[in-house]
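Per-entry structural report
Each chain, written out:
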Amino acid sequence: MARPELDLLQGTLDVLILKALSWGPRHGYAVAKWIKERTGGVLLVEDRALYVALHRMEAREWIAAEWGLSDNNRKAKYYLLTAAGRRALRDKHGAWCSYAAAVASVLETG
Amino acid sequence: MSLLPGIRRLFRLAVRQRAVARDVDEELAFHLNAKIEELVGQGIPRSQAERIARREFGDLGLARKELVAIGQRGDARRWRRERWQNLGQDVLFAFRLMRRQPGFAAVVLLTLGIGIGASATMVGITRRALTQSVPFRDPDRLLHLWMTRDEDPLERSEASYPDLVDWQTQSRGFIGIEGYNPTNLTAELGGVPIRIRGTVVTPRFFDLLGVRPALGTGFPPDSTGAGASAVIVTHGFWTRHLGSDPSAAGSSLTLDGAVYTVTAVLPASFQFSPAGDGEVWLLVDYAARRMSERFNHWLRPIARLREGVSREAAEADLALVVRRLAVAYPETNQGRGVMAVSLRDEVVGKVRPILLTLLAAVTVMLLIACANVASLYLARALARRQELAIRVALGASRPRVARQFVVEGLLLALIGGVAGAMLARLGTTLLVRAIPEGIRAGLPTLATGAMDWGTVAVAMGIALIVGVAFGLLPAVAVPFGAPAGVLRGGPRSGGDRSGNRFRDALVVGEIALTLVLLVGAGLLTRSLVTLLRTDAGFAAERVMTMRIALAGPEYERGEAQQRFFETLLQRVGSLPGVESVGAASNLPLNGGGTNTFRAEGAPEPDPARRPDAVVRGVAGAYFDAMGIRIVEGRVFGVSERSGVPAIVVNQTLARQLFGSGSATGRRLRFYAFPDSAWEIVGVVGDVKTGTLDAPVPATVYFSHLQAAENRMSLAVRTVGRPERMTAAIRQEVAALGPELPVYAVSTMKEQIAGSPAVFFRRFPLVLLAALALGALVLAIVGVYGVIAYALTQRTREFGVRLALGAAPGSLVRLLIRRGVFLGLAGTAIGLAVAMLGARLLDAILYGIAPIDPLTLAGTSALMLGVTVAASGLAAWRATRIDPAGAMRAE
């Protein structure tokens, strides 16, 4: 299965995770799956990096974690956005869009 | 999946170090599992699926390490933050509780404040009295020496100057020996004569103590010659009378009619309490006759131990010197010994038992206060069980709840400590003010009765300990760990047995401690009553006294002194409102010098065994005015102007010398007046010349007409209240000698009350009685509380019993029985402790033994009666239970 793989830019993963959680609490595996589905597999997210990012954001209290039961009744660690996380998502979303627009405009006009 | 766990998370206030690693492992395992399940669901064989999952994950070991590290760091940070937040919450919560129950807070603060205040006061005073009473360099090496007599090992007397010099030169254990002698002087300050206290000292006295003047140079080195007119003044004298003049050194001062030069001002911290509150310090007068008289014991020696020499060794060495002197001068020194006491013991020895007694009493008081507060606290904790159970159910951990209590206890105790410190400040001032001036002068460091930081520190230290103890108490004694039962059953349905037992124990302790205080107060009361009932030998009612000292050239001759007092007595005697008037060189209870003598006709006694007697010069109708009984013969009259040398003796002397035979007509010879024999013309009743609690010594009265006195105290028996005559008597003195100072103005009643024997018992008695009363009130409240609480706990049960036909009285009896049990237990323990502790009082008891059956029985009965009364009062409410209402209540 060949696919174009792109390395993630710094900070991109955070905003993706926050976005994934903005739809409701998810466990790590669901977050990984959501990102993969939404990006059509274009972005390569190593699971290890995903978890490190999750835990860092938990420590920064952008997200909170709680143990719960998964759909097939397994104990799973769920993450949910905190108020601070919501604010961070808003900021990062704006920053990312203007960044992308800036890069795109350079590449297209050049 | 619900959000409930998340909400619960918010309530989990105490964060413990979770097994972070386990969480990480579980999370990763779940992830890999989910991935594998998905792959298997897509038809990939399990072993291959596992490989793919691992590969896609990345370095699993590294991930684990990273995640654990992040988790631990986060936990630590959160824990630190939450701890501070919790503390803030706890403090806020405690404040809110205090505001919600202001009555409880007020009672606790007041009880703790008084308890802490009282103990801090006593600790502060005791600490200062016992440790700072000898404010000199190397105080442990300073000794006070006393001469003793082999005859009477308890008698301590001064030394003669020739003896002192021999001790100085011949003993080897001391760096130096110096002497002092307190005296009274008339100072002329701005033309006004005032009577001041002074001390005569040997030249190197201040060097021995290690005191350097704040101003000036001290005594001039050539002290045998011109330096004799040098005077050193205290800092107090300098500020009061010399206007704090920095150039005071070198100015002149008139004392007893002679001009002295102020050579130095002592530092403000100087206080040599064995000499009282002497304000001026003079050198011994080398020209005086007593400097060469070996029989004249007037100097009190102090000494400083040589480095490395023990007190015992130095004392033994000095004893050798004293024995050599006895051999060399048998006439004066035979039968004399020496005793070395540490200067500290000399200063505080007398007050130490009193201070320790009071210290023990306030400690007991503090314990009672604590027991009461603890009891209140427990009761409230029991009442709060439902609230606590809810908190535990919502996820609060036991230590977290316990900490809430500790914070609350600390907060209350610290506020109580501040209140206590303020009370201690007030208490110290009041206590010091309550001490008569004469006694205060002997207690240095008290005279400056200011609050010190040591007292504050003590108060806060006590508060801290008390606070933590209170906080832990409910946590230990109240079983709030089982939420379900408490929530279902409400706060009253059993389960708090241990709390009840705790309160019972506290009340028993309170009763016991209160009884201890009561016994102490009872013993002191009995001592004081016995003391005041002892026949002092004079009638103190309606007697005004004041002292007059004749000084100056016009009064130098004896005739002038006699003329002055005779005229004065005549003028005062003719004042309206005066019944009779006399004068004496020393009033009763004021001590005075002694003379050795022998009875004429009796064989010459061994010099060591010469009898001695307290001597008093008297004038006018002294015996009549003072109400002293005439037993035999007559007292002095005008015939003494010309007649044979006459004396009056007291019964003790008559009995000692002549047994049951008549004393009148017998003659005594005094070694101080070797030329004449004195005929006993009368015998009077025994009068307490020294202190009320000592036996009366042999006493001899001279007429001032035959042995002139330059200082006497008037004794004026009045018709009405003695104080009213003061102004009129003063006027008569001023009319005769306007320059003469009149001092020590007081009634005989005041003199008795202010005398050390009475004061040293009344002072602790008043304090102890106040403490005992306070303790009694606290104990009553404690007993009442326990019984009343028991009643509320059993209201429903009692309702059932009443409905079934039980007599209300039987229920009251049931409750009272519990009170009686508590009272008996407390009294038994209290009696045991009191009997052990009464020994502490031994030194200040008078006329009774420390274990006094009457006191013990009386106080026990009082304590038991009060306990029963308090429980009866509380139990009475059982009769008013409405059975129907009580059964419906829960």
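These numbers come from a predicted model, not from an experiment.

Turning to the overall build of chain A, a few remarks are in order. Looking only at helices and strands, chain A features four helices and three strands. N-terminal to C-terminal, the α/β element order of chain A is α-β-α-α-β-β-α. Out of the 110 residues belonging to chain A, those deemed buried represent 30%. By sequence separation, contacts in chain A at least 24 residues apart represent 54% of the contacts at least 6 residues apart.

Here the focus is the pairing of strand β8 (residues 258–265) of chain B. Put simply, side chains in a regular strand alternate between the two faces of the sheet. All names here are of chain B. Bridging between strand β5 (residues 215–216) and β8 involves two bridges; their strand directions are antiparallel. Considered in β8, the bridge of leucine 215 is made with valine 265. Bridge count for strand β6 (residues 230–233) against β8 is four bridges, and the pairing is parallel. Bridge pairing in β8 links isoleucine 232 to alanine 264. Relative to β8, strand β7 (residues 252–255) runs antiparallel, the two being bridged by four bridges. Pairing of serine 252 across the sheet is with threonine 261, part of β8.

All right, on to helix α2 (residues 28–38) of chain A then. Of all the residues in α2(A), the buried ones are Gly28(A), Tyr29(A), Ala30(A), Val31(A) and Ala32(A). On its buried side, α2(A) packs onto α1 (12–21), β1 (26–27), α3 (47–59) and β3 (75–81) of chain A together with α2 (20–41) of chain B. Of the residues one or two after α2(A), Gly40(A) is the one with positive phi, at around 60°.

This paragraph deals with the interface of chain B and chain A. Tallying the contact residues gives 22 residues for chain B and 24 residues for chain A. For the side of chain B that touches chain A, the secondary-structure elements that each account for two or more residues are α1 (4–11), α2, α3 (46–57) and α4 (60–100) of chain B. Class assignment of the residues belonging to the side of chain B that touches chain A gives a composition of nine nonpolar, five polar and eight charged.

The next thing to look at is the nonpolar core. Membership of the largest hydrophobic core comes to 221 residues, with the highest contact counts inside it found for Leu517(B) and Ala715(B). Ranked by the residues each element gives to this core, the list is headed by helix α24 (residues 756–793) of chain B, at 20 residues. Those residues in contact with Leu517(B) that lie beyond four places of it in its chain are Ala361(B), Val364(B), Leu768(B), Leu771(B), Ala772(B) and Ala775(B). Residues Leu13(A), Leu16(A), Trp62(A) and Tyr78(A) belong to the second largest nonpolar core, which totals 30 residues.

Residues and elements named next belong to chain A. Strand order in this open sheet of three strands is β1-β3-β2, and the pairing throughout is antiparallel. The sheet terminates laterally at β1 and β2 (63–69), the two strands that pair on one side only. Here β1 runs beside β3; their pairing, made up of two bridges, is antiparallel. Bridging from a neighbouring strand, arginine 26 pairs with tyrosine 79 of β3.

With that settled, consider α4(B). Taking 1.5 Å per residue as the helical rise, α4(B) with its 41 residues ought to reach 60 Å, and the 57 Å between its terminal C-alpha atoms agrees with that figure. By the burial criterion, the buried members of α4(B) are Ala63(B), Leu67(B), Ile70(B), Gly71(B) and Ala94(B). The inward-facing, buried residues of α4(B) abut α3 of chain A together with α2 and α14 (398–434) of chain B.

Residues and elements named next belong to chain B. Of note, alanine 505 is situated in helix α18 (residues 497–533). Residue class for alanine 505 comes out partly exposed when judged on the 16 C-beta atoms lying within 10 Å of it. Taking the C-alpha atoms as reference points, alanine 505 and alanine 371, 134 residues apart in sequence, are found 9.3 Å from one another.

Our next topic: the packing of helix α12 (residues 352–383) of chain B against α24(B). Residues and elements named next belong to chain B. Interaxial distance between α12 and α24 falls to 10 Å at its minimum, and their mutual angle equals 15°. The pairing of α12 with α24 is recorded here as roughly parallel in orientation. Considering how the two elements wind past one another, α12 and α24 form a crossing that is left-handed. Contacts from Ile354, Thr357, Leu358, Ala361, Val362, Met365, Ile368, Ala369, Asn372, Ser375 and Ala379 of α12 reach α24 at Phe760, Pro764, Leu767, Leu768, Leu771, Gly774, Ala775, Leu778, Val781, Gly782, Gly785 and Tyr789. Here the contact of α12 with α24 is built from residues that sort into 17 nonpolar, six polar and no charged.

Bringing the packing of helix α19 (residues 558–573) of chain B against helix α22 (residues 726–736) of chain B into the picture now. All names here are of chain B. Packing of α19 against α22 leaves a shortest axis separation of 10 Å and a crossing angle of 140°. In this structure, α19 meets α22 at a crossing whose hand is right-handed. Counted together, Phe564, Thr567, Leu568, Arg571 and Val572 of α19 and Ile729, Glu732, Val733 and Leu736 of α22 form the full contact between these two elements. Looking at the contact of α19 with α22, its residues break down into six nonpolar, one polar and two charged.

Definitions and limits used
- Residue indices begin from 1 for each chain and proceed along its sequence in written order.
- Written order decides the labels, with chains lettered from A and ligands numbered from 1.
- Per-residue local features of the predicted model are confined to residues with pLDDT of at least 70, and side-chain atom pairs are confined, for both listing and counting, to 80 or more; whole-chain, interface and lining totals are unaffected and use all residues.
- Secondary structure counts use DSSP, requiring at least four H or I residues in a row for a helix and at least two E residues in a row for a strand, with both numbered from the N terminus.
- Our exposure labels follow a C-beta count within 10 Å of each residue's own C-beta, placed from the backbone: buried means 20 or more other C-beta atoms, exposed means 12 or fewer, and partly exposed covers the counts in between.
- By definition, residue pairs are in contact when their C-beta atoms, positioned from the backbone, come within 7 Å.
- Only strands joined by at least two bridges in the DSSP assignment are considered to pair.
- Put simply, Ala, Val, Leu, Ile, Met, Phe, Trp, Tyr, Cys and Pro go in the nonpolar bin, Asp, Glu, Lys and Arg in the charged bin, and everything else, Gly too, in the polar bin.
- We call a set of buried Ala, Val, Leu, Ile, Met, Phe, Trp, Tyr and Cys residues a nonpolar core when their C-beta atoms link them within 7 Å.
- Each helix should span, by expectation, one fewer than its residue count multiplied by 1.5 Å.
- Angular values range over 0 to 180 degrees, each being the angle between N-to-C directions of two axes fitted as lines to C-alpha atoms, with helices fitted over their stretch in contact.
- If an angle is under 35 degrees, it is roughly parallel; if it is over 145, roughly antiparallel; if it lies from 65 to 115, roughly perpendicular; otherwise it is oblique.
- Crossing handedness is read from the near helix: turned anticlockwise from the far helix by less than a right angle, it gives a left-handed crossing, and turned clockwise, a right-handed one.

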